[in-house]
Amino acid sequence: IASVVAFDILPLKLHPFSQSTPTGLDCVGWKRCISSPVIADGALDKTALTDDVGSEEDLYEDFRSSNHRYGHPGGGGEQLAINELISDGSVVYAEALWDHVTMDDQELGFKAGDVIEVMDATNKEWWWGRILDSEGWFPASFVRLRVNQDEPMEDYPLKVEGDKEADSSGGTRRFGMGQTSKDQMRTNVINEIISTERDYIKHLKDICEGYIKQCRKRADMFTEEQLKTIFGNIEDIYRCQKKFVKALEKKFNKDHPHLSEVGSCFLEYQTEFQIYSEYCNNHPNACMELSRLTKVNKYVYFFEACRLLQKMIDISLDGFLLTPVQKICKYPLQLAELLKYTNPQHRDFKDVEAALNAMKNVARLINERKRRLENIDKIAQWQSSIEDWEGEDVLVRSSELIYSGELTKISHPQAKSQQRMFFLFDHQLVCCKKDLLRRDILYYKSRITMDDMEILDVEDGKDKDFNISVKNAFKLHCRDSEEVHLFCAKKPEQKQRWLKAFENERRQVQVDQETGFSITEVQKRQAMLNASKQHHAGKPKAVTRPYYDFLMRQKHPTLPTTLPQQQVFMLAEPKRKPSNFWQNISRLTPFRK
């Protein structure tokens with residue numbers, strides 16, 4: 001694979017403030033010329049931008065009337081630049097990241113690694129391209145542009161049929177001073193990793209110095225809480241990435257890039273990369289806050305002035321803020337390419353292989369944390385529907401519903417049996433009673449702290465502790481006291497599901513401790529506040545899908561009306577079984593419409 005710009009152009013818009021952001025677009029060879037009044041410390045010139053809204057608008061219009069190449073209304077500078085090259089007669093090539101299998105004769109099918117000539121990039125979602133004699137539409141998110149568009153096609157490595165036979169026959173193609181074609185490919189991937197990291201660092205620096213620094217100087221426009229919502233922990237990411245780039249450059253062999261050993265760098269920083277979880281979880285909030293602020297003209301002018309003075313490409317702030325989300329998804333892709341072109345005998349092979357697995361795990365962890373945070377709203381809604389609730393909120397200690405169902409609880413001293421609904425969360429088991437007349441109403445009765453309990457499987461027959469005959473039973477026994485709870489299920493398979501659920505609860509608690517997962521007090525309070533408002537309104541809230549799923553809803557009327565079946569990295573979401581949260585909850589009538 002030749003060195004390419006590591007960015008995706010997402011096929012569909014999130015909303016007016018969620019477009020994809022190319023990192024390092026300037027590397028493609030399109031240069032900008034902007035002269036702007038920048039003070040040495042990065043602050044805006046007070047004569048250029050003052051508290052007066054009119055002066056911000058004047059500055060904005062001055063730049064718009066200049067010869068700024070990307071200065072066109074509505075943004076989308078990256079597409080303007082691509083189409084300018086095409087209209088000027090230049091040939092623009094892109095490389096396929098994934099297979100695109102299609103049965104539509106108007107779409108262009110290809111395999112990962114194929115090189116496509118981009119003939120029309122007017123639409124952000126679908127581009128028109130050509131491979132040999134075939135032309136058609138293809139999803140823009142499935143490709144990435146070549147860095148050096150002037151490189152002759154014959155020097156660009158293409159996938160050819162029968163390459164396995166060519167390799168096995170010993171006729172290995174060589175490049176340069178004794179380099180095999182595989183070494184050259186590894187060189188290209190290494191160069192891509194290094195160059196895109198440097199571009200990414202510049203991008204983060206531009207956000208921190210071009211936006212955050214200027215926003216902090218305008219206390220009349222932004223509170224610290226607003227800035228935290230908009231930018232999240234991007235400054236922490238910037239500091240982490242600077243250290244990571246230094247580590248990469250130490251391992252980079254400038255004379256012979258294919259000999260570089262960069263796998264250990266990813267292994268060293270895999271834990272630090274978990275800070276992206278907080279950023280990804282906050283990103284939908286950032287989009288909403290930006291959408292709210294930019295309804296006011298002075299914020300639009302202010303953000304645009306910050307961008308122009310920092311000499312950044314023509315992408316709105318929300319687009320720039322999407323880049324860290326995309327970046328953490330890129331690492332598994334880049335490492336997979338690196339491993340593909342690393343010989344097993346190479347000193348870096350084992351580290352790259354381990355690094356690929358490590359970065360996939362980071363992506364999974366980020367997705368899992370995001371799913372958990374989405375669940376807290378549902379848990380808060382559930383609690384608000386329970387009558388006579390007592391004690392602390394479920395969210396004080398728990399963030400995941402593991403299992404739920406009906407059990408018969410047997411209590412001392414008379415071995416009294418009671419039919420109850422039980423909800424097993426991490427750290428606690430909540431007991432509720434159904435209303436006698438309205439079975440869709442639940443009343444809170446009690447809870448059991450699971451951290452002190454051990455689960456005991458009880459054989460069918462007479463139980464010595466309770467002196468009664470039981471079937472499909474199990475016990476919860478407190479390690480620190482003589483407290484014992486006896487439960488009976490209706491069927492053997494139900495009992496086994498409960499025993500498995502208790503194992504999963506302990507495993508979940510252990511994983512959370514190992515990964516440091518936690519929910520902030522602010523998030524807990526906000527979830528309970530939202531649930532309380534909906535409860536008083538008398539309407540159940542429609543649970544929203546993950547914010548990036550909205551990307552899949554829009555269609556272009558003149559383009560293919562269906563998206564390819566191949567899953568594109570949105571948040572590097574791994575294939576997993578759907579959460580059984582709503583399957584468990586849906587047994588209760590209040591959640592049925």
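Residues numbered from 1 in each chain as written. Predicted model: local features only at pLDDT ≥ 70, side-chain atom pairs only at ≥ 80, totals over all residues. Heavy atoms only, no water.

The name recorded for the protein in an unreviewed UniProt entry is ARHG4 factor, from Rhynochetos jubatus. As stated in UniProt under Subcellular location (unreviewed entry), the record for the protein gives "Cytoplasm". (UniProt positions renumbered as here; feature names shortened; annotations may be inferred.)

A.B. asks: How would you explain the sheet that holds strand β9 (residues 416–425) if you had to name every residue and give the values?
C.D. replies: Within a sheet, neighbouring strands are paired by backbone hydrogen bonds and run either parallel or antiparallel to one another. The strand order β11-β10-β9-β8-β16-β15-β12 describes an open sheet built from seven strands, whose pairing is antiparallel. Where the open sheet ends on each side, the last strands, each with one partner, are β11 (442–449) and β12 (453–458). Each strand axis lies, on average, 35° off the axis of its neighbour in the sheet, ignoring direction. Taken together, the three bridges between strand β8 (residues 401–411) and strand β16 (residues 484–488) define a ladder with antiparallel strand orientation. Its bridge partner lying in β16, Thr408 is registered against Cys488. On the sheet, helix α12 (residues 492–515) packs against β8, β9, β10 (428–434), β12 and β15 (473–478) and is oriented at approximately 125° with respect to β8. (Pairing = 2+ DSSP bridges. Helix = DSSP H or I, 4+ residues; strand = E, 2+ residues; numbered from the N terminus. Axes fitted to C-alpha atoms, helices over the stretch in contact; angles between N-to-C directions. Contact = heavy atoms within 4.5 Å.)

A.B. asks: Give me the pairing of β10: which residues, what numbers.
C.D. replies: Here β10 lies mainly inside the structure; five of its seven residues are buried. Strand direction decides the pairing type here: β9 and β10, joined by five bridges, are antiparallel. Paired with Phe423 across the bridge in β10 is Val430. Between β9 and the antiparallel strand that follows it, β10, lie two residues; His427 among them carries a positive phi value of about 85°. The sheet contact formed by β10 and β11 spans seven bridges and is antiparallel. Bridge assignment links Val430 to a residue of β11, and that residue is Arg447. (Buried < 20%, exposed > 50% of the residue type's maximum accessible area, 1.4 Å probe, protein only.)

A.B. asks: I'd like to hear about the sheet that holds strand β3 (residues 126–131), residue by residue, with values.
C.D. replies: Spatially, five strands are ordered β4-β3-β2-β1-β5 in an open sheet, and the strand pairing comes out antiparallel. The sheet is open, and its two borders are formed by β4 (134–139) and β5 (143–145), each paired with just one other strand. Strand after strand, the sheet turns through a mean of 45° between neighbouring axes, direction not considered. Two elements, strand β1 (residues 92–96) and strand β2 (residues 115–120), share four bridges in a ladder whose sense is antiparallel.

A.B. asks: I'd like a description of the pattern of salt bridges, backed by residues and values.
C.D. replies: The final tally for this structure, using the stated rule, is 31 salt bridges. Across the pair Glu521 and Lys524 runs a salt bridge whose closest N-O atoms are separated by 3.5 Å. Of this pair, Glu521 and Lys524 both sit in helix α13 (residues 521–537), three residues apart, which is roughly one turn of the helix. Here Lys524 falls in the buried class, since its relative accessible area comes to 14%. Three or more residues are tied together by salt bridges with common partners; here these are Glu368, Arg371, Arg372, Glu400 and Asp512. (Salt bridge = Lys/Arg side-chain N within 4 Å of Asp/Glu carboxyl O.)

A.B. asks: Please give an account of a positive patch on the surface that cites residues and values.
C.D. replies: Where like charges cluster on the molecular surface, the positive patch consists of Lys205, Lys242, Lys246 and Lys250. Position of Lys242 relative to the elements: it lies in helix α6 (residues 234–251). Residue Lys242 is classed as partly exposed on the basis of its relative accessible area of 35%. (Patch = residues over 30% accessible without salt bridge, like charges linked within 9 Å, V, L, I, M, F, W, Y side chains within 5 Å. Areas by Shrake-Rupley, 256 points an atom, 1.4 Å probe, with all protein chains shown as cover. Lys, Arg positive; Asp, Glu negative; His and termini not counted. Charge placed at Lys NZ, Arg CZ, Asp CG, Glu CD.)

A.B. asks: Can you break down the packing of helix α4 (residues 181–216) against helix α9 (residues 297–309) residue by residue, with the values?
C.D. replies: Running from amino to carboxyl end, α4 crosses α9 at an angle of 130°, the nearest separation of the two axes being 9 Å. On the basis of the axis angle, α4 is oblique to α9. In this structure, the crossing between α4 and α9 has a hand that is right-handed. Here Gly210, Tyr211, Gln214 and Cys215 of α4 come into contact with α9, specifically with Phe302, Phe303, Cys306 and Arg307. (Parallel < 35°, antiparallel > 145°, perpendicular 65-115°, else oblique. Left-handed = near helix turned anticlockwise from the far one by under 90°.)

A.B. asks: Tell me about unusual backbone geometry, and please be specific about residues and values.
C.D. replies: Its identity as a non-glycine residue notwithstanding, Asp388 has a phi of 60°, on the positive side. Note that Asp388 resides in the loop between α11 (349–385) and β8. Its identity is not glycine, yet His427 carries a phi of approximately 85°, on the positive side. As for its placement among the helices and strands, His427 is situated in the loop between β9 and β10.

A.B. asks: Pulling in residues and values, what's your account of the nonpolar core?
C.D. replies: In terms of nonpolar packing, the biggest core is built from 63 residues, with Phe231, Phe266, Phe273 and Ile328 touching the most fellow members. Every element with two or more residues in this core is listed here: α4, α5 (224–231), α6, α7 (263–269), α8 (276–293), α9, α10 (317–340) and α11. The residues contacting Phe273, other than those within four sequence positions of it, are Cys240, Gln241, Phe244, Phe266, Ile328, Tyr331, Met359 and Val362. The next biggest cluster of nonpolar side chains, apart from the first, holds 22 residues, and it includes Trp389, Leu395, Phe425 and Ala527. (Core = buried A, V, L, I, M, F, W, Y, C linked by side-chain atoms within 4.5 Å.)

A.B. asks: Tell me what's going on with the confidence of the model for the protein, and back it up with residues and numbers.
C.D. replies: Mean pLDDT over the protein works out to 75, with 70% of the residues at or above the 70 mark. Here residues 150–172 scores under 50 on pLDDT; set against residues more than four positions off or in separate chains, the count is 24 contacts. Contacts for the low-pLDDT stretch residues 539–593, under 50 throughout, to residues beyond four places or in other chains number 108 contacts. (pLDDT = per-residue confidence, 0-100.)

A.B. asks: Pulling in residues and values, what's your account of the packing of α4 against α5?
C.D. replies: The axes of two packed helices give the description: the angle between them and the distance between them. Between α4 and α5, the shortest axis-to-axis distance is 10 Å and the interhelical angle comes to 160°. By the angle between their directions, the pair α4 and α5 is classed as roughly antiparallel. With respect to the hand of their crossing, α4 and α5 are arranged in right-handed fashion. Only Glu224, Leu227 and Phe231 of α5 make contact with α4, whose side of the interface consists of Ile207, Tyr211, Ile212, Cys215 and Arg216.

A.B. asks: So what's going on with the side chain of Gln428? Residues and values would help.
C.D. replies: As for its placement among the helices and strands, Gln428 is situated in strand β10. Within the local environment of Gln428, its side chain forms a polar contact with the backbone oxygen of Val394, the two atoms lying 3.2 Å apart. Other than its neighbours up to four places away in sequence, Gln428 contacts Val394, Arg397, Ser398, Phe423, Arg447, Ile448 and Met450. (Polar contact = N/O pair within 3.5 Å; in protein donor to acceptor, adjacent residues only side chain to side chain.)

A.B. asks: How would you explain α4 if you had to name every residue and give the values?
C.D. replies: With 36 residues, α4 extends 51 Å from end C-alpha to end C-alpha; this agrees with the ideal 52 Å at 1.5 Å per step. For α4, the buried fraction is high: 26 of the 36 residues fall into the buried class. (Expected span 1.5 Å × (residues − 1).)

A.B. asks: Pulling in residues and values, what's your account of the packing of aromatic side chains?
C.D. replies: Within the structure shown, the criterion is met by 25 aromatic pairs. Between Trp382 and Trp389, the ring centres sit 6.0 Å apart and the planes meet at 85°, which makes this aromatic pair edge-to-face. The class of Trp382 is buried, set by a relative accessible area of 1%. Seen from their ring centres, Tyr403 and Trp498 are 4.9 Å apart, and the 90° between their planes marks the pair as edge-to-face. With Tyr403 in strand β8 and Trp498 in helix α12, this pair connects stretches of sequence that are 95 residues apart. (Phe/Tyr/Trp six-rings, centres within 6.5 Å; stacked < 30°, edge-to-face > 60°.)

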